[in-house]
Amino acid sequence: MLTDLDRARSLTAELRLQFDKADKATSQAVMADTDEASIAFAKEAQQATAMVASDVAALGPLLTSLGYTQELEAFAAFQSSSSKYLKLDQDILALAVENTNLKAQRMSFGPARQAADAFRDAISNVAGDAPAKDRCGANELAQKAIVAVREIQVLQAPHIAEADDQVMTRLEQDMAALEQKARDSLTALSELVGAAGGSKVALATASLDRFKDLSGQIVSLSRRNTNVRSLALSLREQTALAAACDSRLRTLQQALDREGSKATR
């Protein structure tokens, strides 16, 4: 009996250790700023979770054979909490490794910014081909288009960080209106320069199309919101479940320690 009791105490301590390790690894997967780090921490969490399952499978029959009522109740309470925790943990890790918000952010700061800069240069060249009498008007149209594209860039960041679908929809509507404003300015500018500026207008149009496509990809990634959702689930739900699981394991440890004290008197 003492041997079984020592084994139960050892398993409980190991179970608590592995559970804490799994919980911390999941938190690190959620907070990681690269795909590689997220995947590595997710694997670490899954390995620790597998150890938790192994310890639970060994501890249950052992506690039953010992016949300790209080310990069995604490273990049953842990199993109830941990089953909810583990289901949520799977969902969080699946979201965390997708990193859609992080990918959207990188696209916004990288390819989309480059496309916006290319459009700025291209439409400025178009304005430079306007007749002298229309030069001021052409430059004004070009600036309107450039500012509209820059404003779309500014709206990408709050869209990526936003969790509310309705707010994201409003941001997308603003982006669409700004994109149309840029396109209308380009159309008006093309009429000013005429056929002589056709090739430059075509280049500016292609640059705007490229920016629009990238902005659409950013919105699609942002809409999945995997980083925002995994962080929200981790902070709002998983933290409470983890605390409940640890509390039940601590109760089990304390009860087993008392049994050990009785057995050695």
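Right above here is the structure, for reference.
Residues numbered from 1 in each chain as written. Predicted model: local features only at pLDDT ≥ 70, side-chain atom pairs only at ≥ 80, totals over all residues. Heavy atoms only, no water.

Let us now look at the overall build of the protein chain. Along the backbone of the protein chain there are eight helices and zero strands. Written out in order from the N terminus, the α and β elements of the protein chain read α-α-α-α-α-α-α-α. The C-alpha radius of gyration computed for the protein chain amounts to 30 Å, which surpasses the reference 18 Å derived for 265 residues by more than 25%, pointing to a less compact arrangement than a globule. The principal-axis extent of the C-alpha atoms belonging to the protein chain is close to 105 × 30 × 20 Å. Buried residues in the protein chain amount to 42% of all 265 residues. Considering only residue pairs separated by 6 or more positions, the protein chain has 84% of its internal contacts joining residues 24 or more positions apart. Of the roughly 13400 Å² of accessible surface on the protein chain, 54% is carried by carbon and sulfur atoms. Across the protein chain, the centroid of the 31 positively charged side chains sits 1 Å from that of the 35 negatively charged ones. (Helix = DSSP H or I, 4+ residues; strand = E, 2+ residues; numbered from the N terminus. Rg over C-alpha atoms; globule rule 2.2 N^0.38 Å. Buried < 20%, exposed > 50% of the residue type's maximum accessible area, 1.4 Å probe, protein only. Contact = heavy atoms within 4.5 Å. Areas by Shrake-Rupley, 256 points an atom, 1.4 Å probe, with all protein chains shown as cover. Lys, Arg positive; Asp, Glu negative; His and termini not counted. Charge placed at Lys NZ, Arg CZ, Asp CG, Glu CD.)

You will see that N99, though not glycine, has its phi angle at about 55 degrees, which is positive. Along the chain, the position of N99 falls in the loop between α3 (69-96) and α4 (100-128). Its identity is not glycine, yet N225 carries a phi of approximately 55 degrees, on the positive side. Looking at the element boundaries, N225 is found in the loop between α7 (198-224) and α8 (226-263). Overall, N225 belongs to the buried group, its relative accessible area being 3%.

With that out of the way, let us pick up the nonpolar core. Formed by 35 residues in total, the largest nonpolar core has its most connected members in F119, I123, V149, L189 and F211. Contributions of two or more residues to this core are made by α4, α5 (135-161), α6 (165-193) and α7. Apart from residues lying up to four places away in sequence, F211 is in contact with A112, A115, A116, V149, I152, Q153 and Q156. Core analysis: the second largest hydrophobic core is formed by 31 residues, L15, A42, A74 and L93 among them. (Core = buried A, V, L, I, M, F, W, Y, C linked by side-chain atoms within 4.5 Å.)

Quick look at the environment of F19 now. Tracing the sequence through the fold places F19 in helix α1 (residues 2-31). Here F19 falls in the buried class, since its relative accessible area comes to 3%. The spacing of F19 and Y68 is 49 residues in sequence and 23 Å in space, taken between C-alpha atoms. Leaving out residues up to four positions away in the same chain, F19 has contacts with V52, F78, Y85, A242, C245 and L249.

All quantities given are derived from atomic positions and should not be read as evidence of function.
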